[in-house]
Amino acid sequence: MRREEFDVLARPAGAQPLVYLDNASTTQRPRTVLDAVDAFYGTSNANPFRGVYSLSVAATDAYDAARKRVAEFVGADSAEIVFTSGTTEAINLLANTIGADRLSAGDEVLVTELEHHSNLVPWQMLCRRTGAKLSVLPIDDRGELQMERLADELSSKTKVVACAHVSNSLGTLNDVTEVVSAAKAVGAITVVDGAQAVAHVPVDVRALDCDFYAFSSHKMYGPMGVGALYGRRKLLESMPPWQSGGDMVQTVTFEETTFRDAPFRFEAGTPNVAGAVGLAAAIDFLAQEDPSTHEAALLARAVEALDAAPGVRLIGRPSRRIGVVSFVVDGVHAHDVATVLDTKGIAVRSGHHCTQPVMDHFGVPATVRVSFAMYNELTEIDRLVEGLEEVRRIFG
Amino acid sequence: MTDARELYKALVLEHERSPHNEGHLDDRTHHARGHNPLCGDRVDVHLIVEGDRIVAVRFESRGCAIARASASIMTTLVEGATTGEARERTAQLAALLERGNTETDEALEPLLGVRLFPGRVRCATLAWTTLVEALT
């Protein structure tokens, strides 16, 4: 749906139209988003907050409006939204502020086996520094979290629980509310990685009841280099700053410096206003038409077609799946599958998808990953199936 | 769009299916493990070097067809060669695979299809860079 609004998709890939199936890595951006970024730079570009002149006020207004739009998008207040460069930065920010504050030797951080490296490595590094223990909630062979193990993996020593909303390599839609509720019961703070979810499922941080929710603009049709972190107000207010410098300070002397309130305390330096404006435009774009029925149909057809394709084995078979299908082809490395598909104008991802533990769990070095966005069409799945037939012809 | 068969030539597929010199070397004098973290390709190169000559070479790999085939081809070209010649061959392959290079080389010809697939260059050079590491 709405394919004509995306210029990149009109470009041919060789002799045929591009079939872009790597949306979990990054999505394409519609013209309205590109126009919004352009319009900011062309008409309202100045450093926000700092000038009393009209252009700076215009930039400030644009930035404030973008923050408000992002807050509405996830069901929060503006003061609870920190603009970041993306999900990875958001999680690093949390690990180095509230994480560092709350962890001592012997404490625990619980992550899941299907986390993206960005919601794993920062916690792992924090545990190394503080002497805390990293615990892991495992997945089963369907690629679903073993929720019955949750109570065992949590303890009174658990201070942080970090969990993905949707798995970027398996597509699993996790039961975040149950994870959050169990974490709260032991007094742990919850950090939800929403990068893979926000373009595909509605997000209401109050309903999820998580303490933090991080996501990236570029995975939801917005520009690269910007994202947002929702933080429960009283937690954000209690957190020390991370990156420091201009814009996040109140008064500065050589003796002492005081810091601004949240969320500004966590936004040092000149912000990516154009990115924030683009993200707000992407939110408006998404709000125009609900893509979930279309995307569910794409996913169902893909799973069916791949199941029927000879030599193809699905990796992960979660009962609740969003946006992503991973598979392997017997006797052919994922890289080689992806290269052959590339010669047919089809873009898929091959590798470990920044989830090496998931690959280890399933005993594969890599998978081929197909991931959908609203602009994909059912006919593209037919092209994928034909491409896989070419793989068989070449590799026998 | 380029035909995938430019990359997966018959000779390349043959090397992938029945690679030369795959395995371990118990009395190896040199070893290195190469890794391409972006895709998960992994190659171990085992050598017996006497003086400055590579007397025996074996490889073990986990990864794509190009990495495997290239490792197999590499072993056939460096077994019996001097360490200096092995290094030269590696540099030669790297140069041949640079974007825009149209030169050819008989021994390395099966791998030159990679030029049409720049995303796979690191797969093709992995065994070779690992060889050089083993010699260092």
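Residues numbered from 1 in each chain as written. Chains lettered and ligands numbered in written order. Predicted model: local features only at pLDDT ≥ 70, side-chain atom pairs only at ≥ 80, totals over all residues. Heavy atoms only, no water.

Notes on the overall build of chain B
Alright, step 1. Summing up its helical and strand segments, chain B has four helices and three strands in all.
Alright, step 2. Reading chain B from its N terminus to its C terminus gives the helix and strand order α-β-β-β-α-α-α.
Alright, step 3. For 136 residues, the compact-globule estimate of 2.2 N^0.38 gives 14 Å, and the C-alpha radius of gyration of chain B, at 14 Å, lies within 12% of that figure.
Alright, step 4. With the C-alpha coordinates aligned to their principal axes, the bounding extent of chain B is approximately 45 × 25 × 25 Å.
Alright, step 5. Burial statistics for chain B: of 136 residues in total, 51% are counted as buried.
Alright, step 6. In chain B, of all internal contacts separated by at least 6 residues, the share reaching a separation of at least 24 is 59%.
Alright, step 7. Just so you have it, chain B exposes about 6300 Å², and 46% of that area is on carbon and sulfur atoms.
Alright, step 8. Separation of charge centres in chain B, based on 16 positive and 21 negative side chains, amounts to 6 Å. (Helix = DSSP H or I, 4+ residues; strand = E, 2+ residues; numbered from the N terminus. Rg over C-alpha atoms; globule rule 2.2 N^0.38 Å. Buried < 20%, exposed > 50% of the residue type's maximum accessible area, 1.4 Å probe, protein only. Contact = heavy atoms within 4.5 Å. Areas by Shrake-Rupley, 256 points an atom, 1.4 Å probe, with all protein chains shown as cover. Lys, Arg positive; Asp, Glu negative; His and termini not counted. Charge placed at Lys NZ, Arg CZ, Asp CG, Glu CD.)

Some details on the interface of chain B and chain A
Alright, step 1. Facing the 21 residues of chain B at the interface are 20 residues of chain A.
Alright, step 2. Note on chain B versus chain A: buried area summed over both sides is about 1600 Å², and carbon and sulfur give 59% of it.
Alright, step 3. In this assembly, chain B and chain A are joined by two salt bridges.
Alright, step 4. With a shortest N-O distance of 2.9 Å, Asp-336 of chain A and Arg-120 of chain B are connected by a salt bridge.
Alright, step 5. Where chain B touches chain A, the interface holds seven residue pairs in polar contact (both at pLDDT 80 or more).
Alright, step 6. When residues of the side of chain B that touches chain A are traced back to their parent elements, those giving at least two are α1 (10–17) and α2 (65–78) of chain B.
Alright, step 7. Partitioned by chemical class, the residues of the side of chain B that touches chain A number 13 nonpolar, two polar and six charged. (Buried area = accessible area lost by both parts, 1.4 Å probe. Salt bridge = Lys/Arg side-chain N within 4 Å of Asp/Glu carboxyl O. Polar contact = N/O pair within 3.5 Å; in protein donor to acceptor, adjacent residues only side chain to side chain. Nonpolar A, V, L, I, M, F, W, Y, C, P; charged D, E, K, R; others polar.)

Some remarks on the packing of aromatic side chains
Within a pair of aromatic rings, the relevant descriptors are the distance that separates the centres and the angle that separates the planes.
All names here are of chain A.
Alright, step 1. Under the criterion given, the structure shown has twelve aromatic pairs over all chains.
Alright, step 2. Ring geometry for Tyr-221 and Tyr-375: centres 6.0 Å apart, planes at 75°, overall edge-to-face. With a gap of 154 residues between them, Tyr-221 in the loop between β9 (212–216) and β10 (227–231) and Tyr-375 in the loop between β17 (367–371) and α13 (378–395) connect regions that are remote in the sequence.
Alright, step 3. Its relative accessible area of 0% is what places Tyr-221 among the buried residues.
Alright, step 4. On the basis of relative accessible area, Tyr-375 is assigned to the buried category, the value being 0%.
Alright, step 5. Among the aromatic residues, ring-to-ring pairing joins Phe-6, Tyr-221, Phe-285 and Tyr-375 into one connected group.
Alright, step 6. Geometry around Phe-285 places Arg-2 over its ring, the cationic atom sitting 3.8 Å from the centre. (Phe/Tyr/Trp six-rings, centres within 6.5 Å; stacked < 30°, edge-to-face > 60°. Lys NZ or Arg CZ within 6 Å of the ring centre and 35° of its normal.)

Examining the pattern of salt bridges
Residues and elements named next belong to chain A.
Alright, step 1. What the rule picks out here adds up to 30 salt bridges over all chains.
Alright, step 2. Across the pair Arg-206 and Glu-80 runs a salt bridge, and its minimum N-O distance is 2.7 Å. Of the two residues, Arg-206 is situated in helix α7 (residues 205–208) and Glu-80 in the loop between α2 (54–74) and β4 (81–84); the sequence distance between them amounts to 126 residues.
Alright, step 3. One network of salt bridges, with partners in common, ties together Lys-68, Arg-69, Glu-72 and Asp-284.

Considering the sheet that holds strand β14 (residues 324–329) of chain A
Residues and elements named next belong to chain A.
Alright, step 1. Spatially, the four strands line up as an open sheet ordered β13-β14-β17-β16, and their pairing is antiparallel. Two strands bound the open sheet, and with one partner strand each, they are β13 (312–315) and β16 (349–351). For this sheet, the mean angle separating the axes of adjacent strands, direction not counted, is 35°.
Alright, step 2. Lying on the sheet, helix α10 (residues 292–308) is in contact with β13 and β14; it crosses β14 at an angle near 10°. (Pairing = 2+ DSSP bridges. Axes fitted to C-alpha atoms, helices over the stretch in contact; angles between N-to-C directions.)

What about the environment of Thr-125 of chain B?
Residue and element names in this part refer to chain B.
Alright, step 1. With respect to the helices and strands, the residue Thr-125 is situated in helix α4 (residues 121–135).
Alright, step 2. Since its relative accessible area comes to 14%, Thr-125 is described here as buried.
Alright, step 3. Distance in space between the C-alpha atoms of Thr-125 and Glu-98 is 11 Å, their sequence separation being 27 residues.
Alright, step 4. Those residues within four positions of Thr-125 in sequence are excluded, and the remaining contacts are Leu-93 and Leu-97.

Let's talk about the sheet that holds strand β7 (residues 158–164) of chain A
Residue and element names in this part refer to chain A.
Alright, step 1. Taken together, seven strands build an open sheet; the order of strands is β4-β10-β9-β8-β7-β5-β6 and the sheet is mixed. Whereas interior strands pair on both sides, the edge strands pair on one side only; in this sheet they are β4 and β6 (133–137). Ignoring which end each strand starts from, the neighbouring axes of this sheet average 20° apart.
Alright, step 2. Sheet topology note: the strand β5 (residues 108–112)/β7 ladder contains three bridges and is parallel. Across the sheet, Glu-108 pairs through a bridge with Thr-158, a residue of β7.
Alright, step 3. Relative to β7, helix α6 (residues 176–185) is tilted by about 175°, and along the sheet it contacts β7 and β8 (189–193).

Some points on the pairing of β14 of chain A
All names here are of chain A.
Alright, step 1. In terms of burial, β14 is largely enclosed, as six of its six residues are buried.
Alright, step 2. Burial of β14 is two-sided: the residues Val-324, Ser-326 and Val-328 facing one way and the residues Val-325, Phe-327 and Val-329 facing the other way are all buried.
Alright, step 3. Pairing between β13 and β14: four bridges, direction antiparallel. Bridging from a neighbouring strand, Arg-313 pairs with Val-328 of β14.
Alright, step 4. Both β14 and β17 contribute to a ladder of four bridges, which runs antiparallel.

Quick notes on the packing of α2 of chain A against helix α9 (residues 273–287) of chain A
In helix packing, the relevant descriptors are the interaxial angle and the interaxial distance, both defined with respect to the helix axes.
All names here are of chain A.
Alright, step 1. With their axes 9 Å apart at the nearest point, α2 and α9 run at an angle of 40° to one another. Taken together, the axis directions place α2 and α9 in an arrangement best described as oblique. As for the relative orientation of α2 and α9, their crossing is left-handed in sense. Side by side, α2 and α9 meet where Ala-59, Ala-62, Tyr-63, Ala-66, Arg-69, Val-70 and Phe-73 of the first sit next to Val-273, Ala-276, Val-277, Leu-279, Ala-280, Ile-283, Asp-284, Leu-286 and Ala-287 of the second.
Alright, step 2. For the contact of α2 with α9, the residue count by class is 14 nonpolar, no polar and two charged. (Parallel < 35°, antiparallel > 145°, perpendicular 65-115°, else oblique. Left-handed = near helix turned anticlockwise from the far one by under 90°.)

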